Structures are given as C-alpha cells and as structure tokens.
Amino acid sequence: MIKLITSDIDGTLVPDGYNEINPELFDVILKLRAKGIQFAAASGRQWASIESIFDPVKEKIFYLSDNGAYVGCHGRNLFINTIERETIMDMVKEVRKIEGLDVMVSGPDVVYLETKDQEFLDWLIHGYKFKAQWVEDLTKVESDFIKVSVYRKSDVEENTRMLRTMFKDRLKMTISGDMWMDCMRPGINKGQAVKLLQDSLGIKPEETMAFGDQLNDIEMLQQAYYSFAVGNAREEVKNAASFQTDLNINDGVLKILKLLL
C-alpha cells in the first residue's frame with residue numbers, strides 16, 4: 001500500500017517558474033489523505049513559494065523545500081540544515097567574479113539578493129512568490145543560511161563548472177533546470193529529506209511513490225520503490241526512475257495519482 005507521495009514542482013507538475021497547478025490535483029490530494037496517504041511537495045523553491053502554489057491544501061501537505069534543506073508543514077519547520085557562514089560567503093565572492101551570474105542566499109524564511117537585475121527580482125517575488133529581500137551587500141547579512149543558489153537566464157550548468165569544481169568538497173551542488181544551481185550542506189538533498197519524513201512517519205521506501213524530472217530529483221527517486229520520471233525529464237532521471245509517465249504539460253503526475261485512487 002502506498003502511504004507517501006512526494007513530487008517535484010518545476011518541470012514535473014508545472015513548467016519551470018510557473019505558479020499555477022491544475023486545481024484537480026488539490027482534490028486528488030484530499031482524497032489521498034482520506035485514504036491515509038500523505039503528500040509532500042519537494043522543490044528547490046522556498047517553503048513560502050510551495051505554500052503559495054499549494055494554497056488550497058497548504059495545511060494538508062509537507063514541504064521539502066530548498067532541495068531538502070528545510071522540512072516542514074504549514075506554519076512549522078521540522079528540520080533545518082544550515083551551512084557554515086564562511087562557505088556561503090566564499091561562494092558569494094566567487095560568483096561575483098563571473099559575468100552573467102546572480103547569487104541568492106537563503107535563510108529559513110527569507111532569501112537575500114544583491115542583484116542589479118530588477119526583472120529577476122520581480123520574477124522571484126511575483127512569479128515564484130518568494131519572501132525576498134534586496135540588500136546592498138550579501139556579506140553583511142546576519143542570518144542562518146540553508147542554501148545558496150546561482151542563477152543564469154540559460155545554460156547555468158555549463159557556466160558554473162568552475163564553481164562546482166572549486167566547492168565540490170564544501171557543498172552539495174545540484175543543477176535544477178536550465179537556470180539554477182542550488183548548493184546545500186554536504187549530504188543534504190531531496191532524498192535525505194524524504195528519508196527523514198519516512199522515518200518520522202514510519203513509512204518504508206516500498207510504500208513511497210515519487211515524481212521528478214531533473215538531476216536534483218534523483219536521490220528522491222532512489223528513496224521510493226514507485227519512482228516516476230515525467231516524459232520531459234532528463235535522460236539521467238529517466239534512467240534512475242523505475243517508471244515513466246506523461247509530460248508535465250499533459251498532467252503526467254496527476255494521471256498516475258488518479259489511477260492510484
């Protein structure tokens with residue numbers, strides 16, 4: 001019997017950066033809950049962004065945000081995995097040297113940026129629905145940090161190779177789509193967050209179903225016996241998953257969940 005379903009958002013439930021899910025999914029989540037099946041949204045997004053996109057059922061799901069650095073539910077964090085401040089600041093200083101990259105550091109509840117790209121900042125606040133704060137100098141921010149993200153309008157994987165080499169022993173780095181490289185504390189990923197939730201709820205991997213499309217979803221898929229790649233997923237993700245469903249734009253995840261019901 002399935003007891004836990006966990007799904008990525010961008011590229012899996014919606015196209016990257018979109019903030020509207022097929023409302024039928026909310027009804028399905030409630031029906032699954034009535035059968036004793038929990039639902040967790042696992043994303044590189046901030047928890048506030050997840051809560052916004054799942055607003056009709058925000059009190060009924062778990063949030064595995066910031067690629068697993070934050071595990072919580074409506075109004076309460078359960079686990080927070082912080083990064084050493086020196087490492088965060090070293091990454092900020094290195095990103096500043098590379099043209100075309102923006103850097104964003106995430107506290108548990110607020111993300112901080114020093115970007116000069118107002119369009120990018122507006123997109124985060126009004127598109128992704130992040131709780132974001134512009135600052136003049138990120139190195140002056142006093143906060144605990146759970147993630148540092150590097151953004152580029154396209155080809156972020158190619159343009160962050162040097163950073164990934166430089167920080168490979170200090171951070172867990174993963175590519176999230178064509179625009180984001182997310183960096184967490186070593187050992188932190190979506191799969192680790194799913195395991196925390198499984199252990200807390202007494203749920204086994206063979207009682208878990210997971211959906212994803214990008215490299216940052218692979219550890220999560222490995223933590224679930226019923227692992228699905230959506231049709232538009234990267235080949236590495238399709239190879240890691242046990243099953244495949246339709247494209248995200250064709251509601252591939254929703255189709256499987258309706259079959260489960």
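Below: a short report on this structure. Keep in mind the model is a prediction, meaning the values are calculated, not measured. (Residues numbered from 1 in each chain as written. Predicted model: local features only at pLDDT ≥ 70, side-chain atom pairs only at ≥ 80, totals over all residues. Heavy atoms only, no water.)

**A short note on the overall build of the chain**
Right, so step 1: Each helix and strand in the chain was counted, giving 10 helices and 14 strands.
Right, so step 2: Taking 2.2 N^0.38 as the reference for a compact globule, 261 residues should give roughly 18 Å; the C-alpha atoms of the chain span a radius of gyration of 17 Å, in line with that estimate.
Right, so step 3: C-alpha atoms of the chain, sized along the principal axes, occupy 50 × 35 × 35 Å.
Right, so step 4: The buried share among the 261 residues of the chain stands at 56%.
Right, so step 5: In the chain, once contacts between residues fewer than 6 apart in sequence are set aside, the share between residues at least 24 apart is 59%.
Right, so step 6: Accessible surface, the chain: about 11,400 Å² in total, of which carbon and sulfur atoms supply 47%.
Right, so step 7: Of the charged side chains in the chain, 32 are positive and 41 negative; the average position of the first set lies 4 Å away from that of the second. (Helix = DSSP H or I, 4+ residues; strand = E, 2+ residues; numbered from the N terminus. Rg over C-alpha atoms; globule rule 2.2 N^0.38 Å. Buried < 20%, exposed > 50% of the residue type's maximum accessible area, 1.4 Å probe, protein only. Contact = heavy atoms within 4.5 Å. Areas by Shrake-Rupley, 256 points an atom, 1.4 Å probe, with all protein chains shown as cover. Lys, Arg positive; Asp, Glu negative; His and termini not counted. Charge placed at Lys NZ, Arg CZ, Asp CG, Glu CD.)

**Describing the pattern of salt bridges**
Right, so step 1: Applying the stated criterion across every chain yields a total of 21 salt bridges.
Right, so step 2: The closest approach of N and O atoms between Asp-10 and Arg-45, which form a salt bridge, is 2.7 Å. Taken together, the residues Asp-10 in the loop between β1 (4-7) and α1 (24-34) and Arg-45 in the loop between β2 (38-42) and α2 (47-53) connect sequence positions 35 residues apart.
Right, so step 3: On the basis of relative accessibility, which here comes to 12%, the residue Asp-10 falls in the buried class.
Right, so step 4: Ionic pairing is found between Asp-217 and Lys-190, a salt bridge with its closest N-O pair at 2.6 Å. Here Asp-217 is found in the loop between β12 (208-212) and α8 (218-222), whereas its partner Lys-190 is found in helix α7 (residues 190-201), with 27 residues between them in sequence. (Salt bridge = Lys/Arg side-chain N within 4 Å of Asp/Glu carboxyl O.)

**Side note on the side chain of Thr-174**
Right, so step 1: Within the secondary structure layout, Thr-174 lies in strand β10 (residues 172-176).
Right, so step 2: From its side chain, Thr-174 meets the backbone nitrogen of Asn-216 in a polar contact 3.4 Å long.
Right, so step 3: In contact with Thr-174, not counting residues within four places along its chain, are Asn-67, Trp-180, Met-181, Asp-182, Met-184, Leu-215 and Asn-216. (Polar contact = N/O pair within 3.5 Å; in protein donor to acceptor, adjacent residues only side chain to side chain.)

**Digging into the sheet that holds strand β9 (residues 147-151)**
Right, so step 1: One open sheet accounts for 6 strands, arranged β8-β7-β6-β9-β11-β10; its pairing is mixed. Each end of this open sheet is capped by a strand with a single partner; those strands are β8 (132-134) and β10. Averaged over all pairs of adjacent strands, the angle between strand axes in this sheet comes to 25 degrees, irrespective of strand direction.
Right, so step 2: In the sheet, strand β7 (residues 111-113) pairs with β8 via 3 bridges, with the strands oriented parallel. Along β8, the bridge assignment pairs Leu-113 with Trp-134. (Pairing = 2+ DSSP bridges. Axes fitted to C-alpha atoms, helices over the stretch in contact; angles between N-to-C directions.)

**Digging into the sheet that holds strand β13 (residues 226-229)**
Right, so step 1: Pairing is mixed in the open sheet, where 8 strands are placed in the order β5-β4-β3-β2-β1-β12-β13-β14. For this open sheet the edge positions go to β5 (76-80) and β14 (243-244), each flanked by a neighbour on one side alone.
Right, so step 2: The sheet contact formed by β1 and β12 spans 4 bridges and is parallel. Bridging from a neighbouring strand, Leu-4 pairs with Thr-208 of β12.
Right, so step 3: The strands touched by helix α10 (residues 252-260) are β1, β2, β12 and β13; relative to β12, the strand with the most contacts, the crossing angle is about 160 degrees.

**What about empty space enclosed by the protein?**
Right, so step 1: Within the structure shown, the criterion is met by 2 cavities of 30 Å³ or more.
Right, so step 2: If you add up the space inside the largest cavity, you get close to 220 Å³.
Right, so step 3: What lines the largest cavity is a set of 21 residues, among which Asp-10, Gly-44, Tyr-128, Ser-176 and Trp-180 lie closest to the centre.
Right, so step 4: Taken together, the elements giving at least two residues each to the lining of the largest cavity come down to β9 and β11 (180-184). (1 Å grid on protein atoms, 1.4 Å probe; cavity = no way out; pocket = protein on both sides within 12 Å on 5 of 7 lines; lining within 4 Å. Points joined across faces, edges and corners; volume = space filled by probe spheres on them.)

**Topic: the nonpolar core**
Right, so step 1: Formed by 81 residues in total, the largest nonpolar core has its most connected members in Ile-5, Phe-54, Met-91, Leu-163, Met-181 and Leu-257.
Right, so step 2: When neighbours within four sequence positions are excluded, Met-91 is seen to be in contact with Val-148, Val-150, Leu-163, Phe-167, Leu-171, Met-173, Met-181 and Cys-183.
Right, so step 3: Core analysis: the next-biggest nonpolar cluster, separate from the first, contains 11 residues, Met-104, Phe-120, Leu-121 and Leu-124 among them. (Core = buried A, V, L, I, M, F, W, Y, C linked by side-chain atoms within 4.5 Å.)

**Some remarks on the pairing of β13**
Right, so step 1: Here 4 bridges tie β12 to β13, and the two strands are oriented parallel to one another. In the strand pairing of β13, Met-209 is matched with Tyr-226.
Right, so step 2: Where β13 meets β14, 2 bridges bridge the pair, whose relative direction is parallel. When the sheet's bridge partners are listed, Phe-228 is paired in β14 with Phe-243.
Right, so step 3: Between β13 and its parallel partner β14, the chain crosses via helix α9 (residues 235-240), and the hand of that crossover is right-handed. (Right-handed = clockwise from strand over helix to strand, strands pointing away.)

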